[in-house]
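The lines below spell out each chain.
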Amino acid sequence: MGFVKEFKEFAVKGNVLDLAIAVVIGAAFGAIVKSLVEDIITPAVLTPALKAAHLSNLSQLVVPGTAIKYGNFLSQVISFIIIALSLFIMIMAINRFKKKEAVAPTVVPAPTKEEILLAEIRDILAAQKA
């Protein structure tokens, strides 16, 4: 029964739930980027290159006489670059926000009774030495 209890505590922790949510959002974001590459960027940017090669789709770019589809690879590279750039921009924005939080002035707490007494004792001992 201890194993089940430990697993339940582990699975319900905030970090595990946050990770699960991030995976789902990441998959959705990946689908959006894939659509952006395949449906917008490829037709808009690579159409002249595809027409020059007498092709209608990026996945038709293959090494002649083999099954190597370097067109799909190019599509994945473009997707990776877009995702990496998006994450970089998002992390930069988050870091700027954190820096602004860190710059906010901190209020120094009032000294405790113990600190006041210790300061008085220090001052008395310093006066006795002089």
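Residues numbered from 1 in each chain as written. Predicted model: local features only at pLDDT ≥ 70, side-chain atom pairs only at ≥ 80, totals over all residues. Heavy atoms only, no water.

## Quick look at the overall build of the protein chain
Okay, so step 1: For the protein chain, the helix and strand inventory stands at five helices and zero strands.
Okay, so step 2: Element order for the protein chain, N to C, with α for helix and β for strand: α-α-α-α-α.
Okay, so step 3: Dimensions of the protein chain, computed from C-alpha atoms along their principal axes, come out at roughly 95 × 50 × 25 Å.
Okay, so step 4: Expressed as a percentage of its 130 residues, the buried residues of the protein chain come to 8%. (Helix = DSSP H or I, 4+ residues; strand = E, 2+ residues; numbered from the N terminus. Buried < 20%, exposed > 50% of the residue type's maximum accessible area, 1.4 Å probe, protein only.)

## Structural notes on a nonpolar patch on the surface
Okay, so step 1: A surface patch of nonpolar side chains, amounting to about 450 Å² of accessible area, comprises Val-63, Ile-68, Tyr-70, Phe-73 and Leu-74.
Okay, so step 2: Within the secondary structure, Phe-73 is located in helix α4 (residues 70-103).
Okay, so step 3: We classify Phe-73 as exposed; its relative accessible area is 56%. (Patch = residues over 30% accessible without salt bridge, like charges linked within 9 Å, V, L, I, M, F, W, Y side chains within 5 Å. Areas by Shrake-Rupley, 256 points an atom, 1.4 Å probe, with all protein chains shown as cover. Salt bridge = Lys/Arg side-chain N within 4 Å of Asp/Glu carboxyl O.)

## Some words on the environment of Val-23
Okay, so step 1: Within the secondary structure, Val-23 is located in helix α2 (residues 14-45).
Okay, so step 2: Taking relative accessible area as the criterion, Val-23 reaches 53% and is therefore assigned exposed.
Okay, so step 3: Note: C-alpha distance between Val-23 and Phe-80 (57 residues apart in sequence) is 16 Å.

## Examining the confidence of the model for the protein chain
Okay, so step 1: When the pLDDT values of the protein chain are averaged, the result is 81; 95% of them are 70 or greater.
Okay, so step 2: Considering each helix and strand of the protein chain separately, the mean pLDDT is smallest for helix α3 (residues 47-52), with a value of 78, and largest for helix α5 (residues 113-129), with 91. (pLDDT = per-residue confidence, 0-100.)

## Re the environment of Ala-130
Okay, so step 1: Mapping Ala-130 onto the fold places it in the segment after α5.
Okay, so step 2: For the pair Ala-130 and Ile-32, spaced 98 residues apart in sequence, the C-alpha to C-alpha distance is 76 Å.

## Examining the UniProt feature "transmembrane region" (unreviewed entry) in the protein chain
Okay, so step 1: UniProt records the feature "transmembrane region" (unreviewed entry) at residues 12-33 and 73-94, using the numbering of this structure.
Okay, so step 2: Within residues 73-94, the helical portion is 100% and the strand portion 0%, while the C-alpha atoms at the span's ends are 31 Å from each other. (UniProt positions renumbered as here; feature names shortened; annotations may be inferred.)

## With respect to the side chain of Ser-79
Okay, so step 1: By the element assignment, Ser-79 lies in helix α4.
Okay, so step 2: Assessed through its relative accessible area of 9%, Ser-79 is described here as buried.
Okay, so step 3: In contact with Ser-79, not counting residues within four places along its chain, are Val-33, Lys-34 and Val-37. (Contact = heavy atoms within 4.5 Å.)

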